[in-house]
Amino acid sequence: MAVLVTGGAGYIGSHTCIELLNAGEDIVVIDNFYNSKPRAIELIKEITGRDFAFYENDCCDESALDRIFAENFITEVIHFAGYKAVGESCLKPVMYYENNLQSTISLLKVMQKYGCKKLVFSSSATVYGIPAKVPVTEKMKLSAINPYGSTKLIIENMCRELYASDKEWSIALLRYFNPIGAHESGKIGEDPNGIPNNLMPLILRAASGKMATLSVFGNDYPTPDGTCVRDYIHVVDLALGHVAAIKSVRKETGCPAYNLGTGKGYSVLEIINAFEKVNGVKIPYVIAARRPGDAAECYSNPDLAKKKLGWTAERGIEQMCRDSWNYIKNNA
Ligand code: UD1
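Described in the following lines is the structure provided in the data block. Since this is a predicted model, take the numbers as computed values, not measurements. Every chain's residues receive numbers from 1 upward, in the order its sequence appears when written. Reporting of local features is limited, given that this is a predicted model, to residues whose pLDDT is at least 70; pairs of side-chain atoms are given and counted only at 80 or more, and all residues count toward the totals for whole chains, interfaces and linings. Hydrogens and waters are ignored; side-chain quantities use all the structure's heavy atoms.

## Quick look at the nonpolar core
Core analysis: the largest hydrophobic core is formed by 38 residues, its most contacted members being Val5, Leu20, Ile27, Ile44, Val120 and Leu174. In this description a helix means any DSSP run of H or I spanning at least four residues, a strand means any run of E spanning at least two, and both kinds are numbered starting from the N terminus. Breaking this core down by element, the ones donating at least two residues are strand 1 (2-6), helix 1 (11-22), strand 2 (27-31), helix 2 (39-48), strand 6 (170-176), helix 8 (235-251), strand 11 (257-260) and helix 10 (303-309). When residues in this core are grouped by element, the largest group, eight residues, is from helix 8. Judged by nonpolar contacts, the second largest core, of 28 residues, contains Leu65, Phe69, Phe121 and Leu162. Put simply, a nonpolar core is a bunch of buried Ala, Val, Leu, Ile, Met, Phe, Trp, Tyr and Cys residues held in one set by side-chain atoms that sit within 4.5 Å of each other. Using a 1.4 Å probe on the protein chains alone, a residue whose accessible area is under 20% of its type maximum counts as buried, one over 50% counts as exposed, and one in between counts as partly exposed.

## Here's the deal with the pairing of strand 1
Counting buried positions along strand 1 gives five out of five residues, so the element sits mostly inside the fold. Alternating residues of strand 1 divide into Ala2, Leu4 and Thr6 and Val3 and Val5, and every residue in both groups is buried. At least two bridges found by DSSP between two strands are what make those strands a pair. Two elements, strand 1 and strand 4 (residues 74-79), share five bridges in a ladder whose sense is parallel. The residue bridging threonine 6 from the neighbouring strand is histidine 79, located in strand 4. As paired elements, strand 1 and strand 2 share four bridges and run parallel to each other. Pairing of valine 3 across the sheet is with isoleucine 27, part of strand 2. A crossover connection joins strand 1 to the parallel strand 2 through helix 1; in handedness this β-α-β unit is right-handed. Consider the strands pointing away from the viewer: the crossover is right-handed when the path from the first strand over the helix to the second runs clockwise.

## Remarks on the sheet that holds strand 9 (residues 229-230)
Judged by pairing direction, the sheet is mixed, and its three strands sit side by side in the order 12-9-14 without closing on themselves. A strand with exactly one partner marks an edge of an open sheet, and here the two such strands are strand 12 (266-267) and strand 14 (297-298). Two elements, strand 9 and strand 12, share two bridges in a ladder whose sense is antiparallel. Bridge pairing links valine 229 to serine 267 in strand 12.

## Brief notes about the state of the cysteines
Only a pair of cysteine sulfur atoms within 2.5 Å counts as a disulfide in this structure description. Following the criterion strictly, the structure yields zero disulfides and no others. No disulfide involves cysteine 228; its sulfur sits 10 Å from the nearest other cysteine sulfur, which is in cysteine 298. Take cysteine 228: its relative accessible area is 6%, and that puts it in the buried class.

## Section: the environment of histidine 234
Considering the arrangement of structural elements, one finds histidine 234 in strand 10 (residues 232-234). Look at histidine 234 and you get buried, because its relative accessible area is 1%. In sequence terms histidine 234 and lysine 167 are 67 residues apart; their C-alpha atoms lie 34 Å from each other. Filtering out sequence-adjacent residues up to four positions away, histidine 234 remains in contact with Ile180, Gly181, Ala182, Arg315, Gln319, Met320 and Asp323. Contacts: residue pairs with any heavy atoms within 4.5 Å of one another.

## Description of the site of the ligand
Throughout this document, a residue counts as near a molecule or strand when at least one of its heavy atoms sits within 4 Å of that molecule or strand. Near the ligand, the surroundings consist of 20 residues, among which Leu199, Ser215, Arg230, Arg291 and Asp294 are the closest. What qualifies as a polar contact is a pair of N or O atoms within 3.5 Å, subject to a donor-acceptor requirement within protein and to the restriction that residues adjacent in sequence count only when both atoms come from side chains. In the environment of the ligand, an oxygen atom lies 3.1 Å from a nitrogen or oxygen atom belonging to the side chain of threonine 126. For the ligand, whose accessible area on its own is 740 Å², the fraction buried by protein is 88%. Those elements giving two or more residues to the shell around the ligand turn out to be helix 7 (199-207) and strand 8 (214-217). At four residues, the largest contribution of residues to the shell around the ligand is made by strand 8. Classifying every residue of the shell around the ligand gives ten nonpolar, seven polar and three charged. Computed by Shrake-Rupley with a 1.4 Å probe, the accessible areas treat only the displayed protein chains as cover when residues are assessed. For this classification, the nonpolar set comprises Ala, Val, Leu, Ile, Met, Phe, Trp, Tyr, Cys and Pro, the charged set comprises Asp, Glu, Lys and Arg, and every other residue, Gly included, is treated as polar.

## Quick notes on the packing of helix 3 (residues 62-71) against helix 5 (residues 93-113)
A pair of packed helices can be characterised by two numbers: the angle between their axes and the separation between those axes. The N-to-C vectors of helix 3 and helix 5 enclose an angle of 35°; their axes lie 9 Å apart at closest approach. In the crossing of helix 3 with helix 5, the sense of the turn from one axis to the other is right-handed. Together, Glu62, Leu65, Asp66 and Phe69 of helix 3 and Ser106, Leu107, Lys109, Val110, Met111 and Lys113 of helix 5 make up the contact between the two elements. Comment: axis = line fitted to C-alpha atoms, over the contacting stretch for helices; angle = value between 0 and 180 degrees taken between N-to-C directions. Take the far helix as your reference; a near helix turned counterclockwise from it by less than a right angle gives a left-handed crossing, and one turned clockwise gives a right-handed crossing.

## Focus on the environment of tyrosine 114
One can find tyrosine 114 in the loop between helix 5 and strand 5 (118-124). Those residues in contact with tyrosine 114 that lie beyond four places of it in its chain are Asp66, Phe69 and Ala70.

## Digging into empty space enclosed by the protein
Note on definitions: the grid is 1 Å and covers protein atoms alone; a cavity is a set of points where a 1.4 Å probe fits but cannot get out; a pocket is an open set with protein on both sides within 12 Å along at least five of seven lines; lining residues have an atom within 4 Å of a point. Grid points are joined across faces, edges and corners, and a volume is the space filled by probe spheres set on the points. For the structure shown, the criterion picks out two cavities of 30 Å³ or more. The space that makes up the largest cavity amounts to roughly 50 Å³. Lining the largest cavity we find Tyr11, Ile180, Gly181, Ala182, Glu190, Met200, Pro201, Leu204, Ser324 and Tyr327. Put simply, the parts of the chain that give the lining of the largest cavity at least two residues each are helix 7 and helix 11 (317-330). Top contributing element to the lining of the largest cavity by residue count: helix 7, with three residues. Split by residue class, the lining of the largest cavity holds seven nonpolar, two polar and one charged. Empty space within the second largest cavity amounts to approximately 30 Å³. Contributing to the lining of the second largest cavity are His79, Ala81, Gly82, Asn100, Ser103, Thr104, Phe121, Lys152 and Ile155. For the lining of the second largest cavity, the elements supplying multiple residues, two or more each, are helix 5 and helix 6 (147-165).

Here it is in structure tokens:
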């Protein structure tokens, strides 16, 4: 019996594999290394001292998925595989719809065929669009403001409709806030192929001199220091949220959504200051124009995940900044 992890070599996927293995779960991993590296698979094995089956395949490939289910007794699936860059999704919407939807459709078809009806889906706080108020609860209105967000929302809806059609399904939709940080070993972290878009990978580039200055997108928002506020969460806490979600889909059927965040908001300048203080390095930055589509504030109310999954994020902002930098220093 094993948990299939799609996209298990990626940033959140690899940390989740480690925590699943540490919790004594058996796993099978599929990844096509579109936005990850084969080394991640070796490192997961090295860090945990555990072995597992790995398939280098595209999750859109239904026959490859079929073979994985035929060769292994898959009892649950965590579905991470997908494209995730908002800006790129606006330039290549069809590619995003094709990949993110096709991989999920192939997966759900094969799960149905093999009678595997327990799924944890990697959703995103992006499904709240520009939130009308903060903290954001799971009951708030959903909307998509870019193609990436649309794919997450469509998949959430597909899962809800699937459960409505067949009450044997047990699906947890995990809405991530802003994952940063890295494994404490310093061996695994965020390692995007190409130029990053998210704040922490860009701070790391500025800190290591790979980028001259970081642009802070706007300081005229209605927030305490004028810069945008987000709910940054340590990737290991996020990974542990998946271990809790797997236990919950085993216990009861349904299709609930859970916010995985800390419930605390930090501004861009607070993150820069915390990073500089904890790591003793300077982040050269300039104040730039607002980035279109950015909400002034977005942070979670994580009470439902605490109540239903028994999970809370425990790692603070200092540890997130320390572990992010530690990973970069170890892998320069
Ligand atoms: C972004 C996506 C969101 C996605 C999430 C996780 C957008 C509009 N939103 O969220 O849909 O779910 O990533 O992948 O892209 N910032 C700077 N300078 C930079 C980069 C970022 O000031 O060079 C600021 C942003 O304005 C924002 C904060 O840092 O306030 C965090 O940005 P980012 O890491 O891109 O995450 P989100 O915008 O929250």
